[in-house]
Amino acid sequence: MITCEGLVKIYKSDDLEVVALQGLNLHVREGEMMAIIGNSGSGKSTLLNILGGLDRPSAGQVSVGPWDLLKITDEQLVSYKRDTVGFIWQSNARNLLPYLTALENVEMPMMLSSKLDRAYAKQLLEWVGLKERMHNKLHQLSGGEQQRVAIAISLSNRPKLLLADEPTGSVDTRTSDLIMDIFRRLNREIGITIVIVTHDLSLAGKVDRVVAIRDGLTSTEFIKRNPNLDDKDQIGDHSTLGGAEAIHEEYVVVDRVGRLQIPKSYLTALQITDKASMEFDGERIIISPPKSLEG
C-alpha cells in the first residue's frame, strides 16, 4: 500500500533551510494497522502530510497504491485525496463543522463529490457507536464523541488508506481505548489500511507494528509476534513498551545501502561519539568503543 524509498522533504524560507525528512524508508502492507512514533520535530507529521497529499516531497520515492506522489499532477492529487485517502486531525476544529449535526458533517464530503449516500453515512455513525447521537449538533457532543464523528467523516469517501494524526491526543484514557478499538474493528472488518502518527507509546500494544522515526529517518521497528491474536489472547514473554504490556520484538531498520541508526542511549552508555569498532564473529555484528591506537 505504501512505499517510501530515500524520501526527502526540505522546507525553505528566505535564509533558512530545514530538512524534515532525510532519506526515510518505509513499507506498509495493504490491510496493515500500524503506528508511527517520534518526538516533536522527528518528521512524523511531515510524513503523514505527504502521504495524505497535503504536502509535496522534495526527492526520493513515495507511492500509495498506484499513485506516485512525487510525480502526481495537481489534478491527479485532487482525485487521490478524494478517492484513496481519509484523514483524521488531532484538532476537532479541523475535522468538523460546528453548525451541522453529526450526520450532516459525515454527509458533507459526500456532497462535495456528488456521491451523497445517507444510508452509508448513518451506517458509519453506527459503526463508531453514535447511532443515538447522529442528529445532535457538535456542542451537544463530548470531545470523544466528536472524535468518533471525525472517524466517520474520514471514511465517508470509502478510502483505501486511513491516516490519523494524534487521534487520541486530546481525550482521556477510556476514550482513547474506545477509539483504538474502533480502528481495530474497522481494520479487520473492512480491511482498510490504517497509519496512526502519535507520540504515545502506550498505543503500541494496540497495533501490529510500530515504526520509530528519529531525525527524519526510520530508526527502529517494534513488531507484534502474532498480529492475528488480540493482546489479551497472547501468551509468552511480555515486554513493556511505553507502559503498555505487549509482545513485541524490536528491530533496528537497515536501509538499502546498509545504514542504520543506533539508539543514542546505547552510544552514550558505551561512550561512543564519532567512531566505533565493529567486528563480525560469524553470527553477530559487534559494535564497541574504539580500541586504543597506542602501541
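Peer 1: Even after reading the chapter, I still don't get the pairing of strand β8 (residues 193-198), so can you show me in this structure?
Peer 2: Strand residues, when the strand is regular, have side chains that alternate between the two faces of the sheet. With six of its six residues buried, β8 lies for the most part within the structure. Taking every second residue as pointing to the same face, both faces of β8 are buried, with T193, V195 and V197 on one and I194, I196 and T198 on the other. Pairing of strand β3 (residues 33-37) with β8 involves five bridges; the strand directions are parallel. Along β8, the bridge assignment pairs A35 with I196. Two strands pair when backbone bridges link them, and strand β7 (residues 161-165) and β8 are joined in this way by five bridges, in the parallel orientation. In the sheet register, D165 faces β8, and the bridge partner there is V197. Following the chain from β7 across helix α7 (residues 173-190) to the adjacent parallel β8, one finds a crossover that is right-handed.

Peer 1: Could you clarify how one ought to interpret the packing of aromatic side chains in this entry?
Peer 2: The description of an aromatic ring pair rests on the distance of the ring centres and on the angle between the ring planes. Within this structure, the stated rule accounts for three aromatic pairs. With 5.9 Å between their ring centres and 70 degrees between their planes, W67 and Y80 make a pair best called edge-to-face. With a gap of 13 residues between them, W67 in strand β5 (residues 67-68) and Y80 in helix α2 (residues 74-83) connect regions that are remote in the sequence. Look at Y80 and you get buried, because its relative accessible area is 0%. Aromatic side chains Y120 and W127 sit 6.3 Å apart centroid to centroid with 90 degrees between the ring planes, which places their arrangement in the edge-to-face category. Note on Y120: relative accessible area 10%, which makes it buried. Accessibility expressed as a relative area gives 25% for W127, which makes it partly exposed. Directly above the ring of Y120 sits R158, whose terminal nitrogen or CZ lies 3.7 Å from the centroid.

Peer 1: Looking at this model, I keep getting lost on the layout of surface pockets. Mind explaining?
Peer 2: Reported here for the largest pocket is a volume of approximately 660 Å³. Mapped onto the lining of the largest pocket, the elements with two or more residues apiece are α2, β6 (85-88), α3 (92-95), α4 (102-112) and α6 (143-154). For the lining of the largest pocket, the element with the most residues is α4, which contributes four residues. Tallied by class, the residues present in the lining of the largest pocket amount to 10 nonpolar, eight polar and three charged.

Peer 1: Would you mind showing me how to read empty space enclosed by the protein here?
Peer 2: With a probe scaled to a water molecule rolled over the atoms, the places where space remains empty come into view. Enumeration over the complete set of coordinates arrives at one cavity of 30 Å³ or more. Put simply, the largest cavity is a space of about 30 Å³. The wall of the largest cavity is formed by I50, G53, D55, R56, P57, L69, I72 and L77. Split by residue class, the lining of the largest cavity holds five nonpolar, one polar and two charged.

What counts and what doesn't
- Residues numbered from 1 in each chain as written.
- Predicted model: local features only at pLDDT ≥ 70, side-chain atom pairs only at ≥ 80, totals over all residues.
- Heavy atoms only, no water.
- Buried < 20%, exposed > 50% of the residue type's maximum accessible area, 1.4 Å probe, protein only.
- Helix = DSSP H or I, 4+ residues; strand = E, 2+ residues; numbered from the N terminus.
- Pairing = 2+ DSSP bridges.
- Right-handed = clockwise from strand over helix to strand, strands pointing away.
- Phe/Tyr/Trp six-rings, centres within 6.5 Å; stacked < 30°, edge-to-face > 60°.
- Lys NZ or Arg CZ within 6 Å of the ring centre and 35° of its normal.
- 1 Å grid on protein atoms, 1.4 Å probe; cavity = no way out; pocket = protein on both sides within 12 Å on 5 of 7 lines; lining within 4 Å.
- Points joined across faces, edges and corners; volume = space filled by probe spheres on them.
- Nonpolar A, V, L, I, M, F, W, Y, C, P; charged D, E, K, R; others polar.

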